[in-house]
Amino acid sequence: MKNVAFLVQNLSQFYSMKNGIDALISKGHTVDIFVPRADDWEGFRNIFDDTAESLAGMGYSVRREVDRDEIYKILLEPYPMWDYSLIPHDYRIKYRYSPVCAKPDPVFRVETNIIYDAQLTYSRYEASFLSAYSVIEPVGMLKYVSYEKRERPQTDKKILLYLPTYGDISSLDSVADALSELKDEFYIITKFHHGTSFLFAEEERVNKLASVSDERYDQKTEISSLLSVADAVLSDNSGAIFESVYAEVPVAVFTDALNDRRLGGLDTPQYKLVNKGILPHAKNASEIRNALKTALSDEVVSKQRKLKQELFYLPEDPVGDFVATVEKYLNDGIDLDRKAIHDLIVEDREHLSAELKKTNDALAERDIKIAELTSALAEKDGVIAENTTVIAGQNEKLEQKERALGYYENGKLYRMAKKIYSLRFRLKPGKKA
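Residues numbered from 1 in each chain as written. Predicted model: local features only at pLDDT ≥ 70, side-chain atom pairs only at ≥ 80, totals over all residues. Heavy atoms only, no water.

Caption draft 1: Molecular detail of the overall build of the chain. Check the secondary structure of the chain and you find 14 helices and 13 strands. Per-residue burial for the chain yields a buried fraction of 46% across its 433 residues. Sequence separation of at least 24 residues holds for 71% of the intrachain contacts in the chain that already meet a minimum separation of 6. Carbon and sulfur atoms form 52% of the exposed surface of the chain, whose accessible area is close to 23200 Å². (Helix = DSSP H or I, 4+ residues; strand = E, 2+ residues; numbered from the N terminus. Buried < 20%, exposed > 50% of the residue type's maximum accessible area, 1.4 Å probe, protein only. Contact = heavy atoms within 4.5 Å. Areas by Shrake-Rupley, 256 points an atom, 1.4 Å probe, with all protein chains shown as cover.)

Caption draft 2: Just the packing of aromatic side chains, in detail. Counting across every chain of the model gives 11 aromatic pairs. Summarising the aromatic geometry, the rings of F34 and Y72 are spaced 6.1 Å apart at their centres and angled 85 degrees between planes, so their arrangement reads as edge-to-face. Linking F34 in strand 2 (residues 31–34) with Y72 in strand 4 (residues 72–77), this pair joins segments that are 38 residues apart in sequence. No difference in accessibility class separates F34 from Y72, as the two residues are buried. For the pair Y91 and Y329, a centre-to-centre distance of 5.4 Å together with 80 degrees between the ring planes defines the contact as edge-to-face. With a gap of 238 residues between them, Y91 in strand 5 (residues 89–94) and Y329 in helix 13 (residues 318–330) connect regions that are remote in the sequence. Comparing Y91 with Y329 shows no difference in burial state: the two are buried. Aromatic rings pair up to connect Y144, Y147, Y246 and F312 into one cluster. (Phe/Tyr/Trp six-rings, centres within 6.5 Å; stacked < 30°, edge-to-face > 60°.)

Caption draft 3: Spotlight on the layout of surface pockets. Computed from the structure, the second largest pocket encloses a volume of approximately 440 Å³. Around the second largest pocket, the lining is made up of 19 residues, and of these H89, R92, I115, V346 and E350 lie nearest the centre. Only strand 5 and helix 14 (336–426) provide two or more residues apiece to the lining of the second largest pocket. Of the residues contributing to the lining of the second largest pocket, the split by class is five nonpolar, four polar and 10 charged. (1 Å grid on protein atoms, 1.4 Å probe; cavity = no way out; pocket = protein on both sides within 12 Å on 5 of 7 lines; lining within 4 Å. Points joined across faces, edges and corners; volume = space filled by probe spheres on them. Nonpolar A, V, L, I, M, F, W, Y, C, P; charged D, E, K, R; others polar.)

Caption draft 4: Representation of empty space enclosed by the protein in the model. Following the criterion strictly, the structure yields one cavity of 30 Å³ or more and no others. By volume, the largest cavity is sized at about 40 Å³. In terms of lining residues, the largest cavity is bounded by S244, V245, E248, V249, P250, V301, Q304 and R305. Elements represented by at least two residues in the lining of the largest cavity include exactly helix 9 (240–247) and helix 12 (298–311). Looking at the lining of the largest cavity residue by residue, the class counts come to four nonpolar, two polar and two charged.

Caption draft 5: Summary view of the pairing of strand 7 (residues 135–138). Pairing between strand 6 (residues 118–121) and strand 7: four bridges, direction parallel. Bridging across to strand 7, L120 finds its partner in E137. One crossover worth recording links strand 6 to the parallel strand 7 by way of helix 4 (residues 124–130), and it is right-handed. (Pairing = 2+ DSSP bridges. Right-handed = clockwise from strand over helix to strand, strands pointing away.)

Rendered as structure tokens:
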């Protein structure tokens, strides 16, 4: 049996675990790094291929295919990667690549969390409710273990790092003009979300920022290296908000969809922090400069630094704690009775899901048949309507002929009657023939 199968789709995920993975390998544990393959219909293949090539360039052995005969003690993944999640394993553990999730919907949905035996969690905030799904294993932020300031770009301006998310809650579409107006005060560095960098649907958004960014980076550049030179951060609904808080770089958000990713009764953390006055918020582009000014104020800087202490686990040895946590599972040093009950819950849910899928498939098949029968019936109704029209036309012609015949017969009878009447009149007694 092998030790750890580590699943990764992009470099952001890899960098979040890199120091821990390196430590496991240095201790002699086998860690196989899997990067999936994908069709190119949305651009995901580009993300995956770029990730695999980058990891190979760093000297890591990367696997793209799954051998079902290989069994791993631990499957470590950021979320279900379905086909790759079928890698045989004893324990399934979820790791995080964002300090705090800014999108409860869909990240915290039941189906993508209940399946894990444990979740590695950086924040006390998330640990408080994710324990409803799995065992919570608190860990420190591994990628900030060797975090240090690096040399700043040659500029007298403040350095603004713009860190947007992608998709429907990204600020990219409306931020370009606003950033252009900020160039008198800020040197602007943009790091695109890995989705923005490679997905076909995001290409136009990338081009919008080409002229307003002094520097641009994609997934190959680790966010912590950019935070180390930034004076302020502007984000939207991205986990980068909390990267900034952790790195102690003042951050403001620009979005008109602050709570759009609320899940049931769980608000987004950025929505809560805006309401508490900890996170400056610009709803419109015209408010961005003010929001950044507020973020840079002593009051807000102090609030955000205090938030870091309240929000995160800050152990002295994050890497050592991570390795100890992994080794605990490698050695079955957990509550196995709880694991047995959790397995039953997962098995029962998977059974119900399979039954539900069967029912839905049967309903879908029934709907298809109903649609086919409805279409056939409509076609027959069309034929009937057509024939009815033809019959009506024929009836009308018949009526016309009957009327014509009636006219003819009535006219003929009239002439005959008139002739008989005339003859009778001539033969009347007293009249000469």
